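# Close look at the chain arrangement
Letter by letter, the chains look like this.
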Amino acid sequence: MAHIDLPEGLPGIRGPMALRPETSKPLNEFAEVLLRGDNTLTRGERELIATHVSYLNDCFFCQNAHGGLAQHYLSCDLEQMDKMKIDPDTAAISDKLKSLLSIAGSVQKGGKHVTSQQIEKAKSFGATDLEIHDTVLIAAAFCMFNRYVDGLGTWAPQDRMFYVNRAKARAEEGYASYNPYN
Amino acid sequence: MAHISVPEGVPGIRSLVMFRPETGQHLYALAQVLLRDPSPLSPAERELIATHVSARNNCTFCMSSHAAAARELFADNRSVVDCVIHGQNTVLLSEKMKALLNIAGKVQMSGKLVTDEDVAEARRHGADDRDIHDAVLIAATFSMFNRYVDGLASLTPTDPKEYEPMGKRLATMGYVLPKKPE
């Protein structure tokens with residue numbers, strides 16, 4: 001049971017989002033720009049970064065909700081998605097994306113864990129300052145979202161196909177003005 | 001030196017949001033709602049939670065700037081801020097705030113560490129759902145800000161005096177998105 005009284009039946013972050021629209025507004029507008037706005041990183045790549053960090057933080061709801069979205073955008077199956085989120089280094093993704101996921105993994109531990117060598121490596125594979133910025137901010141943001149979801153003890157459906165099946169509709173809906181009661 | 005090309009000589013998160021105002025505007029809006037808009041917790045108490053989490057994350061910029069804001073807002077009771085940073089007991093801290101700071105400290109490590117007992121302790125001392133929600137979200141949000149600021153190695157002034165005007169500004173003006181110098 002959640003630590004506070006939340007609207008019933010809403011999975012994960014949707015409960016607190018429905019409870020406190022004042023904070024939900026900037027949080028959702030922020031997520032919209034960060035994960036869906038114009039970017040040289042694709043929506044799939046950005047959702048993968050979010051999923052990897054949520055996996056490292058062991059947040060069941062976020063890693064499945066965003067894993068479902070990444071799977072949708074990257075047109076892969078659940079098994080391939082799991083490989084990418086658990087061990088990106090051995091996954092079939094570009095060296096640039098691997099280097100960015102490595103930075104995200106360091107941010108998950110703490111901002112000071114990011115080294116100049118990691119940054120140089122990402123730049124050597126063609127990552128721009130903006131892509132590095134957005135990678136760090138996505139990783140930092142999910143250290144927030146994961147803590148918000150788990151810190152309030154929210155409820156999450158345990159069937160992983162729940163998230164896969166609704167990803168397409170969630171992708172069409174976006175983050176900026178979604179209805180948490182849907 | 002920062003890991004990416006942000007405006008020179010601008011400290012901490014200010015340099016990062018000048019580099020990327022598209023995301024920065026929403027981060028400042030979130031901070032304003034969360035730390036200044038109406039809440040059962042005073043702005044001083046909320047800045048204290050932000051300071052506590054930033055100290056635990058060893059983020060010098062965030063800790064020093066929010067501590068400076070909290071000192072301004074606590075005015076004559078400003079010594080409470082350094083007690084919290086150094087983990088010292090003080091009569092200036094209510095039992096309710098102690099319990100909320102405990103929850104924030106758990107969230108700083110992981111949302112999953114918040115127990116029913118932590119929440120029950122806060123409720124015994126008068127905390128309601130809204131207090132608990134805000135404490136969790138502030139702690140989660142600073143788990144993001146701290147990683148953003150340190151993950152990109154933004155400029156961190158080492159002279160404590162430099163944070164005093166920042167504290168005054170945050171205490172009187174709140175969170176206003178800084179503009180890039182022309």
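Residues numbered from 1 in each chain as written. Chains lettered and ligands numbered in written order. Predicted model: local features only at pLDDT ≥ 70, side-chain atom pairs only at ≥ 80, totals over all residues.

### Remarks on the overall build of chain A
Counting secondary structure elements, chain A contains nine helices and zero strands. In summary, chain A has a C-alpha radius of gyration of 16 Å against a globular reference of 16 Å for 182 residues, a match within 12%. Dimensions of chain A along its principal axes, counting C-alpha atoms only, are 50 × 30 × 30 Å. Among the 182 residues that make up chain A, the fraction classed as buried is 48%. Taking the contacts inside chain A whose residues are at least 6 apart along the sequence as the reference set, 73% of them involve residues at least 24 apart. (Helix = DSSP H or I, 4+ residues; strand = E, 2+ residues; numbered from the N terminus. Rg over C-alpha atoms; globule rule 2.2 N^0.38 Å. Buried ≥ 20, exposed ≤ 12 C-beta atoms within 10 Å, placed from the backbone. Contact = placed C-beta atoms within 7 Å.)

### Let's talk about the overall build of chain B
The secondary structure content of chain B amounts to nine helices and zero strands. Start at the N end of chain B and walk to the C end: the helices and strands fall as α-α-α-α-α-α-α-α-α. By the compact-globule yardstick of 16 Å for 182 residues, chain B fits well, its C-alpha radius of gyration being 16 Å. Projected onto the principal axes, the alpha-carbon positions of chain B cover approximately 55 × 35 × 25 Å. Relative to all contacts within chain B whose residues are 6 or more apart in sequence, the contacts with residues 24 or more apart total 70%.

### What to know about the packing of helix 2 (residues 21-36) of chain A against helix 2 (residues 21-35) of chain B
Helix 2 of chain B packs onto helix 2 of chain A with a crossing angle of 165° between their chain directions and a minimal axis gap of 9 Å. One finds that helix 2 of chain A runs roughly antiparallel with respect to helix 2 of chain B. Considering the relative orientation of helix 2 of chain A and helix 2 of chain B, their crossing is left-handed. Across the interface between the two elements, Glu22(A), Thr23(A), Pro26(A), Leu27(A), Glu29(A), Phe30(A), Val33(A) and Leu34(A) of helix 2 of chain A pack against Glu22(B), Thr23(B), His26(B), Leu27(B), Ala29(B), Leu30(B), Val33(B) and Leu34(B) of helix 2 of chain B. Considering only residue class, the contact of helix 2 of chain A with helix 2 of chain B consists of 10 nonpolar, three polar and three charged. (Axes fitted to C-alpha atoms, helices over the stretch in contact; angles between N-to-C directions. Parallel < 35°, antiparallel > 145°, perpendicular 65-115°, else oblique. Left-handed = near helix turned anticlockwise from the far one by under 90°. Nonpolar A, V, L, I, M, F, W, Y, C, P; charged D, E, K, R; others polar.)

### Side note on the confidence of the model for chain B
Taken over all residues, the pLDDT of chain B has a mean of 97, while the share at 70 or more is 99%. The complex prediction reports pTM at 0.98, with the ipTM value standing at 0.97. (pLDDT = per-residue confidence, 0-100.)

### Notes on unusual backbone geometry
In this structure, Asp58(A) takes a positive phi of about 55° despite not being glycine. As for its position among the elements, Asp58(A) is in the loop between helix 3 (43-56) and helix 4 (60-74). Positive phi, normally seen in glycine, also occurs at Ala153(B), with a value near 55°. Position of Ala153(B) among the secondary structure elements: in the loop between helix 8 (129-151) and helix 9 (163-173).

### Section: the interface of chain B and chain A
One frequently used descriptor of interface size is the decrease in accessible area upon assembly of the parts. At the junction of the two partners, chain B supplies 39 residues and chain A supplies 41 residues. Of all the secondary-structure elements, those providing two or more residues to the side of chain B that touches chain A are helix 2 and helix 8 of chain B. Looking at which element gives the most residues to the side of chain B that touches chain A, the answer is helix 8 of chain B, with 16 residues. In terms of residue class, the side of chain B that touches chain A is built from 20 nonpolar, 12 polar and seven charged.

### Thoughts on helix 3 of chain A
Residue and element names in this part refer to chain A. Its 14 residues place the ends of helix 3 20 Å apart at the C-alpha level, agreeing with the 20 Å of an ideal helix rising 1.5 Å per residue. Glu45, Arg46, Glu47, Leu48, Ile49, Ala50, Thr51, His52, Val53, Ser54, Tyr55 and Leu56 are the residues of helix 3 that are buried. On its buried face, helix 3 sits against helix 2, helix 4, helix 5 (78-86), helix 6 (95-109) and helix 8 (129-151). Once helix 3 ends, the next one or two residues include aspartate 58, with phi positive near 55°. (Expected span 1.5 Å × (residues − 1).)

### Let's talk about the packing of helix 3 (residues 43-56) of chain B against helix 8 of chain B
Residue and element names in this part refer to chain B. Where helix 3 contacts helix 8, the axes come no closer than 9 Å and their chain directions differ by 45°. In terms of axis orientation, helix 3 runs oblique to helix 8. The two elements helix 3 and helix 8 meet at a crossing, and its hand is right-handed. For the pair helix 3 and helix 8, contact is made by Arg46, Ile49, Ala50, Val53 and Ser54 and by Asp134, Ala135, Ile138, Ala139, Phe142, Ser143 and Asn146, respectively. Grouping the constituent residues of the contact of helix 3 with helix 8 by class yields seven nonpolar, three polar and two charged.

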